[in-house]
Amino acid sequence: MIIVLKPGTSKEAADEILERISEKGCRPLYMPGTERVVLGAIGDERVLKALHLESYPQVESVTPILSPYKLVSRELHPHDTLVSIGGKVLVGGQRFVIIAGPCAVESREQLTRTAEVARKEGVLCLRGGAFKPRSSPYAFQGLGVQGLEILSEVGQALGMATVTEVVDVADVEVVSRYVDALQVGARNMQNFRMLLEIGRGQKPVILKRGMAASVQDLLLAAEYIVSEGNPNVILCERGIKTFETVTRNTLDLSAVPYIKQHSHLPILVDPSHGTGVRELISPMTRAAAACGADGVMVEVHIDPVAALSDGQQSLFPEQFCSLMKDLRPIVEAVGKTL
Ligand code: PEP
Ligand code: MN
């Protein structure tokens, strides 16, 4: 930890901090410069944090050397984490994983026909919301447990793993019973009690970046889950709110290589919510593959015009087939397989 003192700080004031550092069992360093005094503290930064050095009046800044997220960081865990979803797809390895399906489970027929389109294209993981976190309380809220039943049955019938969103800590248990992976949506990325509850199980979880969350916030949210004992965390970049209006969100693809460099967790991209524009989904899927993402989560619907949620960004079946065809050369170019 590096502690920069304010100009004009006396030696006595610096000594006071050096003493506090020693008392914590860490090694203090005194580095006087021509204009500023810089202090160092060598040792466990978690212990040093308890000193709250940033609130001392003589301190200008405190910079930790290690990242604030420990368990999800590459510093302590250099190898890539692989997460299996239902034994059907392995996220974080050589395969570029496609998770596809409608925004919401609307009926058995809608889900079956949509899933068949994806399955025919080789997709082994089916998404579909049963509990929908809608911005408006008047919008379709999902079929609830009935939606979970349909998702589970259709997944089994087609040999696909299943993913669905959980929106309430009280639902973690029931949702876990029906699907192979839980999804924590953007609106719940910092629902810390739910993260802790999910962390107490072993169910794989796709943790989506909040729409106003920094990359560090996302990694710290993942740390909540892993710190409770569940290592099966998959991150997902799904766009953030900016002043741009031509897209629903601004898909921050720079987050992908950053996260790859600083964390061992796999990361997916959701170009559907990330852009909100059907025509942008295929190009941004290719971009996701090119910048090192482990896969994508894409909304596709058998009849997007009749969709009860997110129809405007749901791919028509033929668009989904084209996406898969156009994606292959990019995936191969980065040394992966589809
Ligand atoms: C979703 O994937 O269905 C969804 C609601 O996404 P997000 O949480 O990213 O808005
Ligand atoms: Mn959606």
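Thresholds applied
Residues numbered from 1 in each chain as written. Chains lettered and ligands numbered in written order. Predicted model: local features only at pLDDT ≥ 70, side-chain atom pairs only at ≥ 80, totals over all residues. Heavy atoms only, no water. Salt bridge = Lys/Arg side-chain N within 4 Å of Asp/Glu carboxyl O. Helix = DSSP H or I, 4+ residues; strand = E, 2+ residues; numbered from the N terminus. Domains from an automatic or database assignment. Donors = N, O, S within 2.8 Å, 3.2 Å for Na, K, Ca; no water. Buried < 20%, exposed > 50% of the residue type's maximum accessible area, 1.4 Å probe, protein only. Pairing = 2+ DSSP bridges. Axes fitted to C-alpha atoms, helices over the stretch in contact; angles between N-to-C directions. Contact = heavy atoms within 4.5 Å. Near = heavy atom within 4 Å. Polar contact = N/O pair within 3.5 Å; in protein donor to acceptor, adjacent residues only side chain to side chain. Areas by Shrake-Rupley, 256 points an atom, 1.4 Å probe, with all protein chains shown as cover. Nonpolar A, V, L, I, M, F, W, Y, C, P; charged D, E, K, R; others polar. Phe/Tyr/Trp six-rings, centres within 6.5 Å; stacked < 30°, edge-to-face > 60°. Lys NZ or Arg CZ within 6 Å of the ring centre and 35° of its normal. Core = buried A, V, L, I, M, F, W, Y, C linked by side-chain atoms within 4.5 Å. Parallel < 35°, antiparallel > 145°, perpendicular 65-115°, else oblique. Left-handed = near helix turned anticlockwise from the far one by under 90°.

## A short note on the pattern of salt bridges
Point 1. Under the counting rule described, the total for this entry stands at 19 salt bridges.
Point 2. Residue R36 is joined to E60 by a salt bridge in which the shortest nitrogen-to-oxygen separation is 2.8 Å. Of this pair, R36 sits in the loop between β2 (27-32) and β3 (37-42) while E60 sits in strand β4 (residues 59-63), and the two are 24 residues apart along the sequence.
Point 3. The salt bridge partner of R127 is E299, with a shortest N-O separation of 3.5 Å.

## A closer look at the domain arrangement of the protein chain
Point 1. The assigned domain composition of the protein chain is domain 1 (2-63) and domain 2 (83-333).
Point 2. When each unit is reduced to the centre of its C-alpha atoms, the spacing between domain 1 and domain 2 is 44 Å.

## Quick look at the coordination of the manganese ion (ligand 2)
Point 1. Taken together, the protein ligands of the manganese ion (ligand 2) are C103 (SG), H273 (NE2), E299 (OE) and D310 (OD), with distances of 2.0 to 2.3 Å.
Point 2. Every donor residue of the manganese ion (ligand 2) comes from the same chain, spaced as C-x169-H-x25-E-x10-D. Taken together, the residues C103 in the loop between β7 (97-101) and α3 (108-120) and D310 in the loop between β14 (295-299) and α11 (317-333) connect sequence positions 207 residues apart.
Point 3. Its relative accessible area of 3% is what places C103 among the buried residues.
Point 4. By relative accessible area, D310 is classed as buried at 12%.

## Description of unusual backbone geometry
Point 1. Even without being a glycine, H52 presents a positive backbone phi close to 50 degrees.
Point 2. Looking at the secondary structure, you find H52 in the loop between α2 (45-49) and β4.
Point 3. Take H52: its relative accessible area is 45%, and that puts it in the partly exposed class.

## Focus: the sheet that holds strand β8 (residues 125-127)
Point 1. Pairing in this closed barrel of eight strands is parallel, and the strands run β7-β8-β9-β10-β11-β12-β13-β14 around the ring. Within this sheet the neighbouring strands show an average axis-to-axis angle of 25 degrees, counted without direction.
Point 2. The pairing of strand β12 (residues 233-237) with strand β13 (residues 267-269) spans three bridges and is parallel. Residue pairing across strands places C236 opposite L268, the latter belonging to β13.
Point 3. Relative to the sheet, helix α8 (residues 255-262) contacts β12 and β13, its axis offset from that of β13 by approximately 175 degrees.

## Brief notes about the site of ligand 1
Point 1. The full set of residues close to ligand 1 is R127, K132, E165, Q183, G185, A186, R187, K208, R238 and H273.
Point 2. One of the side-chain N or O atoms of Q183 is found 2.9 Å from an oxygen atom in ligand 1.
Point 3. The side chain of R187 places a nitrogen or oxygen atom 2.9 Å from an oxygen atom of ligand 1.
Point 4. Protein contacts shield 97% of the accessible area of ligand 1, which totals 290 Å² for the unbound molecule.
Point 5. Among the residues forming the shell around ligand 1, the class breakdown is one nonpolar, three polar and six charged.

## Points about the packing of aromatic side chains
Point 1. Enumeration according to the criterion identifies one aromatic pair in this entry.
Point 2. Of note, K11 hangs over the ring of Y30, and the distance from its end group to the ring centre comes to 4.6 Å.

## Concerning the nonpolar core
Point 1. Judged by nonpolar contacts, the single largest core of 63 residues is most densely connected at I98, I198, L207, V233, L235 and F320.
Point 2. Among the elements that take part in this core, helix α7 (residues 215-227) stands out by supplying seven residues, more than any other.
Point 3. Residues contacting I198, with those up to four places away along its chain left out, are V166, V172, L182, V184, V205, I225 and N230.
Point 4. Residues A14, A41, L51 and Y56 belong to the second largest nonpolar core, which totals 16 residues.

## Things to note about the packing of helix α6 (residues 192-199) against α7
Point 1. Running from N to C, α6 and α7 point in directions that differ by 40 degrees, and their axes come no closer than 7 Å. The angle between α6 and α7 falls in the class oblique. As for how α6 packs across α7, the hand of that crossing is right-handed. Here F192, L195, L196, I198 and G199 of α6 come into contact with α7, specifically with A221, Y224 and I225.
Point 2. A per-class count over the contact of α6 with α7 returns seven nonpolar, one polar and no charged.

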